[in-house]
Amino acid sequence: KKDPVLLEKIMQEFHLHPVLAQVLASRGITSFEDIHYYLYGKLPDLHDPFLFAEMPQAVKRITQAILSEENILIYGDNDLDGMTGTALLAEMLGFVGAKVFHYISNRTTLLRQSMILDALEYALKTHCTLLITVDCGITAAEQIEQVVRQKIDVIITDHHEPTNKIPLCVATLNPKLVSSEYPNRELTGVGVAFKLACALTEHLIEEGMLPAKKVDLKRYLDLVAIGTVSDMGLLLGENRILVSYGLEQLRKTKRIGVAKLLSICETDLLDTTTSIIASKIAPRLNSLGRIAEPEQGVKLLLAKQALAAEKLAIE
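A brief look at the structure comes next. The model shown is predicted, which means the values in this text are computed figures rather than measured ones.

## A word on the sheet that holds strand 2 (residues 99–104)
The strand order 2-1-3-4-5 describes an open sheet built from five strands, whose pairing is parallel. Whereas interior strands pair on both sides, the edge strands pair on one side only; in this sheet they are strand 2 and strand 5 (171–173). When strand polarity is set aside, the average angle formed by the axes of neighbouring strands in this sheet is 20°. Sheet topology note: the strand 3 (residues 128–134)/strand 4 (residues 153–157) ladder contains five bridges and is parallel. Each residue of the ladder has a partner; that of Leu130, found in strand 4, is Asp153.

Laid out in structure tokens, this is it:
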């Protein structure tokens, strides 16, 4: 439906082309406040990570693990959302001095719940006493009970719809929990992982365990953009801000694995868009979780050496 008066107001206020003004109106983005947030949302507009009810418990337990030099296992789902979230937390926790391992099962999604038991086996082998899930775990209450029985604490970060039985663990971070008051229900797995990284960083700075000058959380936004787009996260509100800044970060990325992969796709890093992520990057890395080793995807995202990165990209 056309509303000439509304369109004229939008065009004059924001100096927009009539077509763009109509697109905004057609999508129901019509108040000046909503239009401004949609077009010009900034990183300071992101929601406080401590709006997740159990974030303080998660941060406290991870801090304790860092101070006690416990082994921490990051366990991710085998799609690209899980891979990027796993890479993000592994890199961030390593940066703040944690003893961190990461693991992604190569079982198919048909066996999703028993995948947690793969994580248990790996956690026992590496003597990990804290397991953090990424993009999984919310529907695996019985399996997580088995993990907890082995004296391994569990923090769940997930975005899938929960079942009636929520796993008993140290903390559950999921914007889709019935009791959740977090404003953005559409965060993907990597988005929730990023929120945990933000909250932990804030806490470590307050406690004097991390110099504020050393912190640059923007370095992880390229991973957030790749994971959010690949998982078809709704690009409105907070997600739109994360992906917008994530694309900027991606175009100047120091992730040599991503750069090598785009080179093989015959795509210039500077031309990266959401379409490039969805059509070039996501299918290649997602395929690892279906027919190969998804752990290779995390290795590619974290690669530091050109030769190893190129070999993984070709694979």
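## A few points about a negative patch on the surface
A surface patch of negative charge is lined by Asp48, Glu202, Glu206 and Glu207. Relative to the assigned elements, Glu206 resides in helix 8 (residues 189–206).

## Structural notes on the nonpolar core
Grouped together as the largest cluster of nonpolar side chains are 69 residues, with contacts concentrated most on Ile62, Leu88, Leu89, Leu93, Ile132 and Phe194. In terms of residue count, helix 8 provides more of this core than any other element does, 10 residues in total. Apart from residues lying up to four places away in sequence, Phe194 is in contact with Leu46, Leu88, Leu217, Tyr220, Leu221, Val224 and Leu242. Of all hydrophobic cores here, the second largest spans 17 residues; its members include Leu73, Tyr75, Ile152 and Ile156.

## A closer look at the state of the cysteines
For the coordinates displayed, the defined rule picks out zero disulfides. Free cysteine: Cys136, not disulfide-bonded; nearest cysteine sulfur from Cys169 at 12 Å.

## Regarding the pairing of strand 3
Judged by how many residues are buried, strand 3 sits mostly within the fold: six of seven residues are covered. With six bridges connecting them, strand 1 (residues 71–76) and strand 3 associate as parallel partners. When the bridges of strand 3 are listed, Asn71 appears paired with Cys128. With helix 7 (residues 141–149) bridging strand 3 and its parallel neighbour strand 4, the resulting β-α-β unit is right-handed.

## What to know about the side chain of Glu238
Along the chain, the position of Glu238 falls in helix 10 (residues 237–251). The exposure class of Glu238 is buried, given its relative accessible area of 2%. Polar side-chain contacts of Glu238 include one of 3.1 Å to the side chain of Asn184. A polar side-chain atom of Glu238 sits 2.7 Å from a polar atom in the side chain of Lys195.

## Some points on the packing of aromatic side chains
Inspection of the entire model under this criterion finds four aromatic pairs. Centre to centre, the rings of Phe14 and Phe32 are 5.7 Å apart; their planes meet at 90°, and the pair counts as edge-to-face. Taken together, the positions of Phe14 in helix 1 (residues 4–14) and Phe32 in helix 3 (residues 32–40) put the pair 18 residues apart, joining distant regions of the chain. Residue class for Phe32 comes out partly exposed when judged on its relative accessible area of 36%.

Conventions we followed
Residues numbered from 1 in each chain as written. Predicted model: local features only at pLDDT ≥ 70, side-chain atom pairs only at ≥ 80, totals over all residues. Heavy atoms only, no water. Pairing = 2+ DSSP bridges. Helix = DSSP H or I, 4+ residues; strand = E, 2+ residues; numbered from the N terminus. Axes fitted to C-alpha atoms, helices over the stretch in contact; angles between N-to-C directions. Patch = residues over 30% accessible without salt bridge, like charges linked within 9 Å, V, L, I, M, F, W, Y side chains within 5 Å. Areas by Shrake-Rupley, 256 points an atom, 1.4 Å probe, with all protein chains shown as cover. Salt bridge = Lys/Arg side-chain N within 4 Å of Asp/Glu carboxyl O. Lys, Arg positive; Asp, Glu negative; His and termini not counted. Charge placed at Lys NZ, Arg CZ, Asp CG, Glu CD. Core = buried A, V, L, I, M, F, W, Y, C linked by side-chain atoms within 4.5 Å. Buried < 20%, exposed > 50% of the residue type's maximum accessible area, 1.4 Å probe, protein only. Contact = heavy atoms within 4.5 Å. Disulfide = S-S within 2.5 Å. Right-handed = clockwise from strand over helix to strand, strands pointing away. Polar contact = N/O pair within 3.5 Å; in protein donor to acceptor, adjacent residues only side chain to side chain. Phe/Tyr/Trp six-rings, centres within 6.5 Å; stacked < 30°, edge-to-face > 60°.

Geometric descriptors of this kind do not, in isolation, establish any biological role.
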